[in-house]
Each structure stands twice: as structure tokens, then as C-alpha cells.
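Per-entry structural report
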Amino acid sequence: MIKKAFAALTAIGCSLFASSALADQPVDWQRGLQPAATSIMEEIRWFEQYTLWFIVPITILVLVLLAVVIVRFREGANPVPSRTSHNTMIEVIWTIGPVIILLFLAVPSFQLLTKQLAPTEEPELTVKATGYQWYWGYEYQVGDNPVSFDSLLLQDKDRAAAGKEDRAVYPRLLTVDNEAVVPVGKHVRLLVTGADVIHAFAMPSFGIKIDAVPGRMNETWFKADREGLFYGQCSELCGKDHAYMPIAIRVVSQEKFDTWLAAAATNIGEANKALTASIDGEKKTVDVAQNAAQ
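Source: prediction; values computed, not measured. (Residues numbered from 1 in each chain as written. Predicted model: local features only at pLDDT ≥ 70, side-chain atom pairs only at ≥ 80, totals over all residues. Heavy atoms only, no water.)

Re the packing of aromatic side chains
Quick reminder of the rule: The rule is short: rings of Phe, Tyr and Trp, with Trp giving its six-membered ring, pair when the centres are within 6.5 Å, and they are stacked under 30 degrees, edge-to-face over 60, tilted in between. Residue exposure (1.4 Å probe, protein chains only): buried if accessible area is under 20% of the type maximum, exposed if over 50%, otherwise partly exposed. Strands are runs of DSSP state E lasting at least two residues, helices are runs of H or I lasting at least four, and both sets are numbered from the N terminus onward.
Scanning all chains against the criterion turns up 14 aromatic pairs. Between the aromatic rings of Tyr-132 and Tyr-135, the centroid separation amounts to 4.9 Å while the plane-to-plane angle is 15 degrees, which identifies the pairing as stacked. Judged by relative accessible area, which is 26%, Tyr-132 ranks as partly exposed. Classification of Tyr-135 as partly exposed rests on a relative accessible area of 23%. Where Phe-206 meets Phe-222, the ring centres are 4.7 Å apart and the plane angle is 25 degrees; that geometry is what we call stacked. Separated by 16 residues along the polypeptide, Phe-206 in the loop between β6 (199–203) and β7 (208–212) and Phe-222 in strand β8 (residues 218–222) bring together distant segments of the chain. Residue Phe-206 is classed as buried on the basis of its relative accessible area, which comes to 1%. Since its relative accessible area comes to 4%, Phe-222 is described here as buried. An aromatic cluster of at least three residues, connected via ring pairs, comprises Trp-46, Phe-47, Tyr-50, Phe-54 and Phe-104.

Here you go:
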């Protein structure tokens, strides 16, 4: 019985703290942030851990002080309450202490905000994302003929035709018919706006979240450090189908991106289908090679 209980506790602990094994999408019982795919997200993850060094001691201190007050100053132990209304030392501590803590939080926070909103590199690709009720439209500002398409939630009945039947890679309610495709290691400027109501473009693995406001063009950026398929969602309550407005960005090599972009100019559906088949085919080849080696 004791061994079974220990095994159960071990399993629970592993599931709670195994954040490094998470995919680039939400998973059941996830507690931490998604793995970083950009340098900005790396800093966001660091800042989250950094703030815990302040949050945890403060929480423990407040809990201890509450316990002391409850035990020491209850009516039974203290029938004649003190009428002290002023203590200079305590007031100095609770004024200066929070100021120092806020300074330690503010400096790295402002530095991170500056990096997020004021990039130091020139963009190598500009993509405009427009939020609609309830899907996203993308426009690639390249050359004289910009590529534009809509990205909608993929219905289950369309999975086979799209070649996206593997739900581990293409999860329900996150998979779209046409992903936005960007090259790895390139500075991408993202222009975000809304066509009807306020939406929000959020991609957790990239560390970006920005409002899509009708009549206003907001700007952010990212540079993906690795290839993969990354999922996000609209993060602003925008109507009845707000929960069915996913974002999917596929990061590929420059060669694959150039091939996709040329094909997308004429037929975005076939371009995405060919790219998906190419990537999934390479993955299967690698898996077969690894299994043969084992």
C-alpha cells in the first residue's frame, strides 16, 4: 500500500514538473510556460522565475505574520488590547522595503519591455495579421504581388484532405487550414489590426501578445530560433466563437519558405498541403532511420 502511494505521488510530481518535455502547444496539467522559441520568450521565462524569489518569501512572511497575530493577539491571550497607533521603525521598514523590491522588479521588467517594443534589427520579413470574427487573415508584404490568405479552424471532416490526421501534431481546436509560414532565424515584423471588434494576437512560445484594434495598426516582432509548428489563440474576448480562433505559425528553413511563398502566390491550399507533406515525410524518414539504428 505504501509503495503504491509513493508511486502515485512520484507520478504526480513528474507530471507537475516535467515542463521541459512540453510540446509547442498547451498540454493537460501544464503548470509552467511553454518552451521558448525566441530570445524574448527565454527572457520572459527567466523573469517569471526571477519574480518567484520575491513572491515566495513575501507570501511566507505575510502568512507567518498572520499566524502570529491570530495566536498572540487573540482575545483569550490578550484581553486588554494595546492602543499603540504609531511605530516609527515599522513604518520606515514597510515604506522602504517595498520600494527596494519594486526597483529590483522594475529594472529588468523595463529592459524586457524595451526589447519587445523597440527592436534593434531591421525586419527581414513583414507580415500583417488581421483579426476577423472569427478567424485570422495574413498578408505577406513581399515584392510587387503580396501573398494574402485566411486562416480558419480546421474542421474534423477536413483533416484527411489536408493531411493533418495526427492529433498529436495537429490538435483539435488549435489546428488551422492554412498556417502562417516564416523562415527560421529571420527578424519578422508583425503588423496587427482588427477588422470588426478587438482581438488579440498571442503566440506563447514566441513571447508575443498584442491587441488587434479596428482602425489601428499595432506592431511587434519575433525571430524564431528553431523550426517547428507553434500554436496560439486570440486572447481578447471577441464574441461567441472567440474560443475557435486559433493561431498557427510554422517555422521552416529559408529554402522551404521560398518554395512555399512561390507556390502560395497562386494556390495557398496546395502550397500548405505540399509543405505539410514535405515536413511530415522528412519526420517519418528520420523516425524510420532511428528505429533501424536501434
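Quick notes on the pattern of salt bridges
Spelled out, the test is: In what follows, salt bridge is the name for a side-chain nitrogen of Lys or Arg lying within 4 Å of a carboxyl oxygen of Asp or Glu.
Under the definition given, this model contains nine salt bridges. Close ionic contact of Lys-157 with Asp-158 constitutes a salt bridge, the shortest N to O distance being 3.6 Å. Here Asp-158 falls in the partly exposed class, since its relative accessible area comes to 30%.

Concerning the pairing of strand β9 (residues 228–234)
Test applied: Pairing between two strands requires that DSSP report at least two bridges joining them.
Buried residues dominate β9, accounting for five of its seven residues. As paired strands, β6 and β9 are joined by two bridges and run antiparallel to one another. Within the sheet, the bridge partner assigned to Phe-201 lies in β9 and is Cys-234.

On their own, these measurements won't tell you what the molecule is for.
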